Amino acid sequence: MNKRHPRMTPARTLTLTGGLSGARLSKTLFCSALLSSTLLTGCGGDTATQTDLSKTETSKPATGWNLVWSDEFDGQSIDSNKWNFEVNCAGGGNNEKQCYTADKANAFTSGGMLNIVAKPAAAGAEKPYTSARITTKKKADFKYGRFEMRAKLPSGQGAWPAFWMMPTDSVYGDWPRSGEIDIMEAVNLKVKDAKGNVESNVHGTLHYGKPWPNNSSSGKNYALPGGKNPADDFHTYAVEWQQGEVRWYVDDYLYATQRQSEVRYNSKDQAVGLKHRGWFTEYFDQTSGKLNTYWTSAPFDQKFFLILNFAVGGNWPENVNNKGIDAAAFANGQSFVVDYVRAYQCAANPDTGKGCETIRPGYDKTSDALVEGKAPIPVPPSDGVARNLAIFDNAENPSWPGWDCCGGSKPTVVNDNQRGGVMEFRVGGAPTVNGFISRAEFIKDPAGTPSPFDASPLANTGSLSFAMKAVSLPNNAAAVWKLKVESNNAASAVEMDLTASNEGKAPAAGVWQTYTFPLKKLADAGLDLSSIDVVMIFPIWGSGEGAVYQVDDVKIAGPGSAAPSLTLFKDSQNLDWPMWDCCAGSKPTEQLDDAAHGMTAEFTIGGAPTVMGFITRPSNNGGNKPFDASAILAKGVVKFDLKVVNAPSDPASVWKFKVEANNAATAVELNLTDSVEGKAPVTGQWQTYTFKLSDLAAKGLDVSAIDVVMIFPAWGTGNGAVYRVDNASIGEPALPSNSGLTLFADAAAANWSLWDCCGGSKPTVEDDDAAHGKTAQYKIGGQPTVMGIFAADGTYFDASNILNTAVVKFEMKVVTPPSDSSADWLFKIEAKDAASAVQLKLSESLEGKAPVVGQWQTYSYRLKDLADKGLDVSAIDIVMVFPAWGQGNGAVYRLDNVQIK
């Protein structure tokens, strides 16, 4: 049985008939650039499905709609050749309170009208009310057209009439994968709430996407003008449904439009975003067996049938307005009265339904009636480079602020004696979840930018980890602590108990504990790793009151250029990890060795038994910086170079390696011959030794708090030994990453040049002040032009892998302003030979300032914002800065430090 959110419309049971093979249609861009003395343009084709907004209003459906089916309800009874009765007490799975019957008391015709009547059931009945639901399934099934009903709607708390459509065959799978079109629904009409507001809305909705309970819906409500109520008189409710578009009408007034999603592709034909966010579906490809997401006209491209019903109560009506059901409203029966139902086909193109659109004057597709859907936004493909993310480490990351979802508190950075800056969360009486978020609406720091994280290259080796201390536990001692991670605006999410971490421990009051969740575990549970944008840590919803807790060192990490690492010694000692003689009282020293090693750490052992190495514990003058190697557990190593200057006097002495963690709570000791290299030291030779963290962890080491690393001859056998250590570290090899492109700094980048589009001038490199040195200078004469930095033929900059973090940034100084003082200064960026472009004012930059003559000013534009406006970031080839076309005469200006980073 399908379920719904209380505010959603009823779910109806469907039968799964299997998947349908299919694939995204490739998109080919056709582009031409027109360049003349008066015009500079770029163009790109797309697959948009849009109505013609130039059409004029009609008081009736636009010409071209041919009536193909109707029921005027003029007969003595409901026409069984047109309608089926559903007889059951299940309703739509929304906890409705009626049984549907075929009884004439619940559905009949009279005076040319259909009456569907909801009334009290007999004593002892399964449900307290009876009503009717009729359908045209297998008797009148339609693909595209105009479908309308003239009706007077029932009223009262608990009344829920509907006129809607469901797929004849569930081609794409169970509800709502195969779609649902709600032409008209209303609940609780004429009910007055405590503030005197009278319910008068009708609703038009689409349902689609993933199966329940992860289903999606989008729609809009409409209220009649002049305070009229749909329960007082007859009104006409309709949809016009064509390929890729559905429009909703009340009395021929267009109040809502929904369209299929329009995908943006880059120069490599890879989906990177949405031009319009509409509906979507997902189903299994029968060939590959893979569950795919589709942004096509599916699922609204199959035959659907019509449904009329009158529900009583249920999740939606019983939870809004005055709540519950008003028995008095149904005591004598409550009627849904229908004058007619009609179906039209568009004569211009019956296969697509296009060409007969009814569009009113002033209809604005962007701000008036166009509804944004819930389609998941395609994530730009991963570049495969493993990178790490520090969400919180001693200070707030402006792109990942601390966040209280629903409790109204403000997470704050406080000082902890052990860890320094930590993020503190509090849970009050209001149920809430807390954590860190990287979505635009929650980022307030101007330095922050939405930065969803692509962890997919770390899928098999990386982890999400954090340290947490419960200052005070929830009042509810049974409260379970949770981790929840969301991706791509909650298109996917995973929630786990903290005890499901590698450490397997629940929080304890006053104790810092580390929690590690392998990314593979999160992915296996359903998380899309490619666009992580929320990490939450919290007591389970509604049970956290009284909890105060602190979080630190929140990161997603694994092998990569930003993997956590620790240098114990290289050319000089790490003051947080000083050289250390455990027990003999000597002081290790720094000594020069050969050219390859330079300064090294030297240890000398006398007659007193001892062990030696590096330590960070405060009691031994360390900096109290235990190293958390959890994120690099899979591939990380402890590695060092060793040279024995003098061997121990005891020829049987065995050389040892030992690591301890968390004040010796765990420790592992091994022979040097147990290293990856497997060799014993040779006096006078530098040798490298490597120990895998995974091996150390398998032997019992807690890698989350390493605080001692020792290299020594076995206890009591080291007398006379002198040895040196260099290049001692814990970490893993770094991988290269794209660090961006500098287009101009003293000179243009290779294969890029200063450019005057149309004015015939030659931009020059000129000396400016000491801070800027050589700069790019542009002059505009009488000829209209645009200017900037231009890539050579065949040169394109692919910024895909820095999309979420990079900005296009430059410095500019206006030497002489344009003669036309009203001229706007503009920034324009193009890609793939003008196949895509974005133009903005300088005042629309992050800095938001217009140029001031004689002053250097910085301008920045987020690359992600440019991509959202349509720029293909995979093939950038022009960056322009200029006064508005035709208004720049007389302008002289300079650019410097132009970069995409």
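Residues numbered from 1 in each chain as written. Predicted model: local features only at pLDDT ≥ 70, side-chain atom pairs only at ≥ 80, totals over all residues. Heavy atoms only, no water.

## Some details on the overall build of the protein chain
As a reminder of what qualifies: Secondary structure elements are taken from DSSP: a helix is a run of H or I of four residues or more, a strand is a run of E of two residues or more, and numbering for both begins at the N terminus. Each residue's exposure class comes from its accessible area (1.4 Å probe, protein chains only) as a fraction of the maximum for that residue type: buried when under 20%, exposed when over 50%, partly exposed otherwise. Pairs of residues are marked as contacts when any of their non-hydrogen atoms sit within 4.5 Å. Computed with a 1.4 Å probe, the accessible areas rest on the Shrake-Rupley method; for each residue, only the protein chains presented here act as cover. Charge convention: Lys and Arg are scored as positive, Asp and Glu as negative, and His as well as the terminal groups of each chain are ignored. To locate a charge, take NZ of a lysine, CZ of an arginine, CG of an aspartate or CD of a glutamate.
Helix and strand counts for the protein chain stand at four helices and 56 strands. Evaluated residue by residue, the protein chain yields a buried proportion of 53% over its 901 residues. Within the protein chain, counting contacts between residues at least 6 apart in sequence, those at least 24 apart form 75% of the total. As displayed, the protein chain has an accessible area near 36,900 Å², and 48% of this comes from carbon and sulfur atoms. Positive and negative charge centroids in the protein chain, built from 82 and 97 side chains respectively, lie 4 Å apart.

## Focus: the side chain of Asp-552
Counted only if it meets this: Definition of a polar contact: a pair of N or O atoms within 3.5 Å, with one able to donate and the other able to accept a hydrogen when the atoms are protein atoms, and with sequence-neighbouring residues admitted only if both atoms are side-chain atoms.
Within the secondary structure, Asp-552 is located in strand S34 (residues 548–557). At a separation of 3.4 Å, a polar atom in the side chain of Asp-552 contacts the main-chain amide nitrogen of Asn-394. A polar side-chain atom of Asp-552 sits 2.8 Å from a polar atom in the side chain of Arg-419. Not counting the four nearest positions on each side in its chain, Asp-552 is found in contact with Phe-392, Asp-393, Asn-394, Arg-419, Gly-421, Val-422, Phe-466, Ala-467 and Trp-512.

## As for the state of the cysteines
Selection criterion: The rule for a disulfide is simple: a pair of cysteine sulfur atoms within 2.5 Å.
Per the counting criterion, the structure on display carries five disulfides. The side chain of Cys-89 participates in a disulfide bridge whose partner is Cys-99; the two sulfur atoms lie 1.9 Å from each other. Between Cys-89 and Cys-99 the sulfur-sulfur dihedral comes to about 105°; the bridge is accordingly right-handed. Taken as a pair, Cys-89 in the loop between strand S2 (84–85) and strand S3 (98–100) and Cys-99 in strand S3 lie far apart in primary sequence, 10 residues in all. With relative accessibility at 21%, the residue Cys-89 sits in the partly exposed group. For Cys-99, a relative accessible area of 8% translates into the label buried. Between the sulfur atoms of Cys-582 and its disulfide mate Cys-583 the distance is 1.9 Å. The exposure class assigned to Cys-583 is partly exposed, which follows from its relative accessible area of 41%. Going through the protein chain in sequence order and numbering each bonded cysteine, the pairs you get are 1-2, 3-4, 5-6, 7-8, 9-10.

## Some words on empty space enclosed by the protein
Inclusion rule: Note on definitions: the grid is 1 Å and covers protein atoms alone; a cavity is a set of points where a 1.4 Å probe fits but cannot get out; a pocket is an open set with protein on both sides within 12 Å along at least five of seven lines; lining residues have an atom within 4 Å of a point. Grid points are joined across faces, edges and corners, and a volume is the space filled by probe spheres set on the points.
Scanning all chains against the criterion turns up one cavity of 30 Å³ or more. Computed from the structure, the largest cavity encloses a volume of approximately 40 Å³. In terms of lining residues, the largest cavity is bounded by Arg-264, Asn-266, Val-272, Ser-800, Leu-803, Ala-867, Leu-871, Asp-872 and Val-873.

## Overview of the pairing of strand S16 (residues 253–259)
Our working definition: One requirement defines pairing of two strands: DSSP has to find at least two bridges between them.
Of all seven residues that make up S16, six are buried, and the element is covered over most of its length. Connecting strand S15 (residues 245–250) to the next strand, S16, in antiparallel fashion are two residues, including Asp-251 with a positive phi near 50°.

## Some thoughts on unusual backbone geometry
Cis geometry marks the peptide bond from Trp-175 to Pro-176; its omega dihedral reads 0°. Mapped onto the elements of the fold, Pro-176 is located in the loop between strand S10 (159–167) and strand S11 (180–185). Note the cis peptide between Ala-298 and Pro-299, where omega equals 10°. Although it is not a glycine, Ala-490 sits at a positive phi angle of roughly 70°. With respect to the helices, strands and loops of the structure, Ala-490 is situated in the loop between strand S30 (481–487) and strand S31 (492–497). Taking relative accessible area as the criterion, Ala-490 reaches 41% and is therefore assigned partly exposed. A positive phi is found at Asn-621, a non-glycine position, where the angle reads about 70°. Position of Asn-621 among the secondary structure elements: in the loop between strand S39 (612–615) and strand S40 (637–646). For Asn-621, a relative accessible area of 67% corresponds to the exposed category.

## Digging into the sheet that holds S30
We count it as follows: Only C-alpha atoms enter the line fits that serve as axes; for helices the fit covers just the stretch in contact. Angles between N-to-C directions range over 0 to 180 degrees.
Across the sheet, five strands lie side by side as S25-S28-S33-S30-S31; this open sheet has antiparallel pairing. With partners counted over all chains shown, the strands left at the sheet margins are strand S25 (402–404) and S31, one partner each. Between one strand axis and the next, the sheet turns by 20° as a mean value, whatever way the strands run. Sheet topology note: the S30/strand S33 (residues 532–539) ladder contains seven bridges and is antiparallel. Across the sheet, the residue bridging to Glu-486 is Val-534, located in S33.

## Re the nonpolar core
Put simply, the test is: Side-chain atoms within 4.5 Å link the members of a nonpolar core, which is a set of buried Ala, Val, Leu, Ile, Met, Phe, Trp, Tyr and Cys residues.
Met-149, Leu-308, Phe-336 and Val-341 are the most contacted members of the largest nonpolar core, which totals 61 residues. Residue contributions to this core peak at five residues, all from strand S21 (residues 304–312). Every residue in contact with Leu-308, bar those within four places of it in the chain, is listed here: Trp-83, Leu-114, Ile-116, Ala-132, Arg-133, Ile-134, Met-149, Ala-162, Phe-163, Phe-336 and Val-341.

## Brief notes about the environment of Ser-451
Topologically, Ser-451 is positioned in the loop between strand S28 (434–437) and strand S29 (463–472). For Ser-451, a relative accessible area of 10% puts it in the buried group. Sequence-wise, Ser-451 and Asn-804 are 353 residues apart; in three dimensions their C-alpha atoms are separated by 5.1 Å. Side-chain polar atoms of Ser-451 contact the backbone oxygen of Thr-449, separated by 2.8 Å.

## Here we look at the pattern of salt bridges
Where side chains of opposite charge bring their charged atoms close, a pairing between them can arise. Using the following cut-off: For salt bridges, the criterion is a side-chain nitrogen of Lys or Arg within 4 Å of an Asp or Glu carboxyl oxygen.
With the rule as written, the count across this model stands at 39 salt bridges. The salt bridge partner of Arg-146 is Asp-252, with a shortest N-O separation of 2.7 Å. Of this pair, Arg-146 sits in strand S9 (residues 145–152) while Asp-252 sits in the loop between S15 and S16, placing them 106 residues apart in sequence. Residue Arg-894 pairs with Asp-768 through a salt bridge whose shortest N-O separation is 2.7 Å. Of this pair, Arg-894 sits in strand S56 (residues 892–900) while Asp-768 sits in the loop between strand S48 (764–767) and strand S49 (774–779), placing them 126 residues apart in sequence. By sharing partners, the salt bridges in this structure join Arg-146, Glu-148, Glu-240, Glu-245, Arg-247, Asp-252 and Arg-259 into a single network.

## Describing the sheet that holds strand S42 (residues 666–671)
One open sheet holds the five strands; their spatial order is S36-S39-S44-S41-S42, and the pairing between them is antiparallel. Here the strands that pair on one side only, and so sit at the sheet edges, are strand S36 (579–581) and S42. Strand-to-strand, the axes of this sheet are offset by a mean angle of 20°, without reference to chain direction. Looking at chain direction, S39 and strand S44 (residues 706–713) are connected through three bridges and run antiparallel.

## Quick word on the confidence of the model for the protein chain
Let me state the cut-off plainly: The pLDDT score gives, residue by residue, the confidence of the prediction method on a 0 to 100 scale.
Summarising the model, the protein chain shows a mean pLDDT of 88, and 91% of its residues fall at 70 or more. Ignoring residues within four places in sequence, the model shows residues 1–60, a span with pLDDT below 50, making 167 contacts including any to other chains. For residues 734–738, every residue scores under 50 in pLDDT, and the model assigns this stretch 14 contacts once sequence neighbours within four places are set aside.

## Describing the side chain of Ser-465
Summarising the element assignment, Ser-465 is placed in strand S29. For Ser-465, a relative accessible area of 0% translates into the label buried. Beyond its immediate chain neighbours, meaning those up to four positions away, Ser-465 contacts Tyr-515, Thr-516, Asp-553, Val-554 and Lys-555.

## Some words on a nonpolar patch on the surface
Heads up, the rule is: Without a salt bridge and with relative accessible area above 30%, a residue can belong to a patch; like charges are then joined within 9 Å and nonpolar side chains (Val, Leu, Ile, Met, Phe, Trp, Tyr) within 5 Å.
There is a patch of nonpolar side chains on the surface, built from Val-480, Ile-540 and Trp-541 and spanning about 260 Å² of accessible area. Relative to the helices and strands, Trp-541 resides in the loop between S33 and S34.

## Some points on the environment of Lys-813
Tracing the backbone through its elements, the reader meets Lys-813 in strand S51 (residues 807–816). Owing to a relative accessible area of 14%, Lys-813 belongs among the buried residues under this scheme. In this structure, the C-alpha to C-alpha distance between Lys-813 and Gln-777, residues 36 residues apart in sequence, is 9.4 Å. Each residue touching Lys-813, except ones within four places of it in the same chain, is listed here: Asp-768, Gly-854, Gln-855, Trp-856, Tyr-893 and Arg-894.

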